[in-house]
Amino acid sequence: MQIDYKINDEQHNILFCKKNDLKRLTNSIEKVNSDKNILLVYDDKVNKKIVDEIIDELKSSGCNLFLVECKGSKSNKNEKFLFRILDLLVKFKFTKRSIIVSFGGGVVGDVAALASSLYLRGLIYFCIPTTITSIIDSSIGGKTAINYKGVINAVGSYYHPKTVFILEDVIIEIPDREYFSGFAEIIKCGLIENNKILSFLMKYKKELKKRSIKEIFKVCELTLKTKINFFTGDVYEKSSRLFLNFGHTFAHSIEMAIENNMKKDIIRHGEAVGIGILSELFYASKNKTALYNKVKDYLLAFNLPISIDCSNIPINKVKLQNEIYKNLFLDKKRIDKHPRYISLKTIGKPSIQDIDDYDFINDTVIEVILDKK
């Protein structure tokens, strides 16, 4: 299976690789005009057997291979990690025809892609995502970034991988929590455009929960094609691509509030997105509507939280509420005095709206995010 798309008349690909099909990686590298210098940036938590197989496969192509093992935690999405990569590119005299391959989740992919865009104003970049969230969301679209001064994705650029490789070997090894976390982004794409995704999720819920690769590849294909529809005509997020941020205004506020106080990965990005979607549905309609309850059922069906479990977070609830409120005003979609969010009252009909009812922000945080009983 393969998805092809173009950005500025340049061809990009997503390759779905069945077990033991790493030859597609070296075949793709051999097709580009490279100088055979490759930097592999990989997460230290991914399966070591697969890392070794990728290393062996890359070496078999006759390349000069350099390795960067890193921690893919959110706390590592920073300038220190970025410059560690850049320093190596300088040290080993990489050129514009050299290659970076990232093998990890969204943090590793975002930082490696940002380094790829900055070094000599751009070298060749390939991505092997290792979480469902990175497979169906952050691996494509060209968004690269680091967090800076407590603000998520504060420093970044747009730079697209030449090819993304989705490996069956990786999917079957993803820990359960990481696996299900990614389904929030799948549900999001179903809500903003492609209701076929939602029908597929519920029809094949058992197969997806058991990780049947046929159904996983199919739902990834549906989701990726939906995302491609949004960003290919609006790479720099001037209009329709903003709809892909559904749930993220509140989600990023939640993540920053927890991470800036805890310095730990207490909540996964996908988990925050699911809660953020509910928050934005509630804020848009000022009520828990039938659509709100339907989305809640989708999230619960794939083991996703529908509110923050404060028993796991040693932060005073009032402080957490205030932090989430404050962080909304740091959202990158803001262009005026009001933060913006994606309003959705009907499936497939998103719109960009201001968050201008400040009192109802607190109502949303209390009633949805902190789930006041």
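The notes below deal with the structure included here. Source: prediction; values computed, not measured.

## Here we look at the packing of helix α1 (residues 23-31) against helix α2 (residues 48-60)
Viewed as axis vectors pointing N to C, α1 and α2 meet at an angle of 35°, and their least axial separation amounts to 9 Å. Considering how the two elements wind past one another, α1 and α2 form a crossing that is right-handed. Between α1, through K23, L25, T26 and I29, and α2, the contact on the second element is made entirely by I54, E57, L58 and S60. Residue composition of the contact of α1 with α2, by class: four nonpolar, two polar and two charged.

## What about the sheet that holds strand β6 (residues 124-129)?
An order of β1-β2-β9-β6-β5-β3-β4 is seen for the seven strands of this open sheet, with the pairing classed as mixed. A single partner strand is all that each edge strand has here, and the edge strands are β1 (2-7) and β4 (64-70). Between one strand axis and the next, the sheet turns through 15° on average, direction left out of account. Of the pairings in the sheet, the one linking β6 to strand β9 (residues 163-167) comprises two bridges and is parallel in character. In the sheet register, C127 faces β9, and the bridge partner there is V164.

## A look at α1
Here α1 has its buried residues at L25, T26, S28 and I29. Burial along α1 is one-sided: seen end-on, the buried residues are contained in an arc of 155°. Where the residues of α1 are buried, they touch β2 (10-17), β3 (37-43), α2, β5 (99-104), β6 and β9.

## Some remarks on the packing of aromatic side chains
Within this structure, the stated rule accounts for 19 aromatic pairs. When the centroid spacing of 6.0 Å and the interplanar angle of 35° are considered together, the rings of F126 and F165 count as tilted. One end of the pair, F126, is in strand β6; the other, F165, is in strand β9, and 39 residues separate them in sequence. For F165, a relative accessible area of 1% corresponds to the buried category. An aromatic cluster of three or more residues is present, and its members are F250, F282, Y283, Y292, Y341 and F360. Over the aromatic face of Y179 sits the side chain of R211, whose NZ or CZ is 4.2 Å from the ring centroid.

## Side note on the side chain of S181
Relative to the assigned elements, S181 resides in helix α7 (residues 176-181). A relative accessible area of 2% means that S181 is categorised as buried. Other than its neighbours up to four places away in sequence, S181 contacts T133, R268, H269, G270, E271 and L304.

## A word on the pairing of β2
Most of β2 sits inside the fold, with six of its eight residues counted as buried. Of the strand pairs in this sheet, β1 and β2 are connected by six bridges, and their pairing is antiparallel. Counterpart to K6 in the pairing with β2 is Q11. The antiparallel hairpin formed by β1 and β2 contains two residues in its connecting segment, where N8 sits at a positive phi of about 50°.

## Examining the nonpolar core
Core analysis: the largest hydrophobic core is formed by 132 residues, its most contacted members being I14, V41, I100, F103, L201 and I308. Ranked by residue count, the leading element in this core is helix α11 (residues 213-231), at ten residues.

## Points about unusual backbone geometry
With a phi close to 75°, K36 is a non-glycine residue in the positive phi region. Mapped onto the secondary structure, K36 falls in the loop between α1 and β3.

Conventions used here
- Residues numbered from 1 in each chain as written.
- Predicted model: local features only at pLDDT ≥ 70, side-chain atom pairs only at ≥ 80, totals over all residues.
- Heavy atoms only, no water.
- Axes fitted to C-alpha atoms, helices over the stretch in contact; angles between N-to-C directions.
- Helix = DSSP H or I, 4+ residues; strand = E, 2+ residues; numbered from the N terminus.
- Left-handed = near helix turned anticlockwise from the far one by under 90°.
- Contact = heavy atoms within 4.5 Å.
- Nonpolar A, V, L, I, M, F, W, Y, C, P; charged D, E, K, R; others polar.
- Pairing = 2+ DSSP bridges.
- Buried < 20%, exposed > 50% of the residue type's maximum accessible area, 1.4 Å probe, protein only.
- Arc of directions from axis to C-beta.
- Phe/Tyr/Trp six-rings, centres within 6.5 Å; stacked < 30°, edge-to-face > 60°.
- Lys NZ or Arg CZ within 6 Å of the ring centre and 35° of its normal.
- Core = buried A, V, L, I, M, F, W, Y, C linked by side-chain atoms within 4.5 Å.

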